[in-house]
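Single-letter residue listing:
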Amino acid sequence: MDIFVRASKANSERVVAALEAFGAPSQAHGVAASHFAQEGAAYRFGMAPLKVEVQAAGRHKDLADVEELERLEPTDPHSGWPNFWRLNPAQNLGSVSADK
């Protein structure tokens with residue numbers, strides 16, 4: 001699973017805290033709180049099919065994908081998860097699709 005996050009110092013600290021809360025071995029791999037502050041920084045853990053890659057987005061395409069996903073109406077007002085299955089299959093949203 002690919003996860004794109006906004007590259008900033010404050011967001012990087014939140015992402016690293018979330019990885020640690022999730023149980024990712026980020027500390028053992030030397031991932032500091034500022035790791036995702038610069039665009040392009042990435043961290044992978046797990047093994048396929050359970051491999052996760054977190055990448056600090058900065059490319060215009062990545063940011064446009066994030067904006068499109070944020071624009072979608074949430075499925076559940078309590079969880080805030082986007083309706084990925086409502087995306088038009090003709091749209092090229094890179095790593096984000098309903099079948100991944």
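Located above this text is the structure these notes cover.
Residues numbered from 1 in each chain as written. Predicted model: local features only at pLDDT ≥ 70, side-chain atom pairs only at ≥ 80, totals over all residues. Heavy atoms only, no water.

(A) Local environment of the nonpolar core. Grouped together as the largest cluster of nonpolar side chains are 13 residues, with contacts concentrated most on V5, V15, L19, F36, Y43, F45 and V54. Of all elements in the fold, only helix 1 (9-22), strand 2 (42-45) and strand 3 (52-57) reach the threshold of two or more residues within this core. Residue contacts for F45: discarding those within four places in its chain leaves L19, F22, A24, P25, L50, K51 and V52. (Core = buried A, V, L, I, M, F, W, Y, C linked by side-chain atoms within 4.5 Å. Buried < 20%, exposed > 50% of the residue type's maximum accessible area, 1.4 Å probe, protein only. Helix = DSSP H or I, 4+ residues; strand = E, 2+ residues; numbered from the N terminus. Contact = heavy atoms within 4.5 Å.)

(B) Broad picture of the packing of aromatic side chains. Counting across every chain of the model gives two aromatic pairs. Each ring, one from Y43 and one from F45, has its centre 5.5 Å from the other, and the planes form 25°; the classification is stacked. For Y43, a relative accessible area of 6% puts it in the buried group. Taking relative accessible area as the criterion, F45 reaches 12% and is therefore assigned buried. In textbook terms, an aromatic cluster arises when at least three aromatic residues are bridged by ring pairs, as seen for F22, Y43 and F45. (Phe/Tyr/Trp six-rings, centres within 6.5 Å; stacked < 30°, edge-to-face > 60°.)

(C) Representation of the layout of surface pockets. Volume-wise, the second largest pocket comes out at about 250 Å³. In terms of lining residues, the second largest pocket is bounded by M1, I3, V5, R14, V15, A18, L19, F22, F45, V52 and V54. Only strand 1 (2-6), helix 1 and strand 3 provide two or more residues apiece to the lining of the second largest pocket. In terms of residues, the lining of the second largest pocket owes the most to one element, helix 1, which gives five residues. Looking at side-chain class alone, the lining of the second largest pocket contains ten nonpolar, no polar and one charged residues. (1 Å grid on protein atoms, 1.4 Å probe; cavity = no way out; pocket = protein on both sides within 12 Å on 5 of 7 lines; lining within 4 Å. Points joined across faces, edges and corners; volume = space filled by probe spheres on them. Nonpolar A, V, L, I, M, F, W, Y, C, P; charged D, E, K, R; others polar.)

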